[in-house]
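The chain contents come next:
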Amino acid sequence: MNVEFVNPFLSSLVNVLGTMANTKIVPGQPRLKKDEVARGDVSGLIGMVGNETKGSFSITFEESLALEIMFRMLGEKPSKINEEVTDMVGEITNMVTGGAKRILGEKGYEFSMATPVVVSGKEHTITHKCDGPKILMPFTSDFGKVHIEVSFDNMGG
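Given the structure is predicted, the values throughout are model-derived calculations rather than measurements.

Definitions and cut-offs
Residues numbered from 1 in each chain as written. Predicted model: local features only at pLDDT ≥ 70, side-chain atom pairs only at ≥ 80, totals over all residues. Heavy atoms only, no water. Helix = DSSP H or I, 4+ residues; strand = E, 2+ residues; numbered from the N terminus. Buried < 20%, exposed > 50% of the residue type's maximum accessible area, 1.4 Å probe, protein only. Polar contact = N/O pair within 3.5 Å; in protein donor to acceptor, adjacent residues only side chain to side chain. Contact = heavy atoms within 4.5 Å. Expected span 1.5 Å × (residues − 1).

A. Summary view of unusual backbone geometry. Backbone geometry at Asn22 places phi at a positive 50°, although glycine is not the residue there. With respect to the element layout, Asn22 can be found in the loop between helix H1 (3-21) and strand E1 (26-27). We classify Asn22 as exposed; its relative accessible area is 61%.

B. Local environment of the side chain of Ser43. Checked against the element boundaries, Ser43 lands in strand E3 (residues 42-50). Reaching out from Ser43, the side chain makes a polar contact with the side chain of Thr60 at a distance of 2.6 Å. Among residues more than four places away in sequence, those in contact with Ser43 are Ala38, Ile59, Thr60, Val89, Val117, Val118, Val119, His124 and Ile126.

C. Main features of helix H2 (residues 63-74). End to end, H2 covers 16 Å across twelve residues, agreeing with the expected 16 Å (1.5 Å per residue, within 8%). All of the buried residues in H2 are Leu65, Ala66, Leu67, Glu68, Ile69 and Met70. Turning to H2, the residues buried within the fold contact H1, E3, strand E4 (54-61), helix H3 (83-106), strand E7 (134-141) and strand E8 (144-152).

Structural data, given as structure tokens:
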């Protein structure tokens, strides 16, 4: 899959967490993901449909990081993942996808976005509704890890 499709999500996530939550994350090494098990405790998943391809993006937070971001964005820190936290993860998923969609639009790829779905719980699964390879990108922070997954149906090459 084209790295051109992964980088916009990467930079958008770094930007969203930096501006909204004053949280610095450091990208690790991308790799192919072969299973559907999420690498964390709460995930937002969103589909994107374009003229030439369709794609799927997810973002998974470890609980510790999700709670810290909640505290930094909204000033309250629940003791565990609750409805407010899952709402926030859905909102972040939306903002990151919106940012990536803008960058991709500048490169000539137009997409419409679906509504994010948020799933939580240990060992929950993420099912991307497209056939392309899944690229898993880990990030570390002082409060835990976040992983993004990007998958797009094959586009001419």
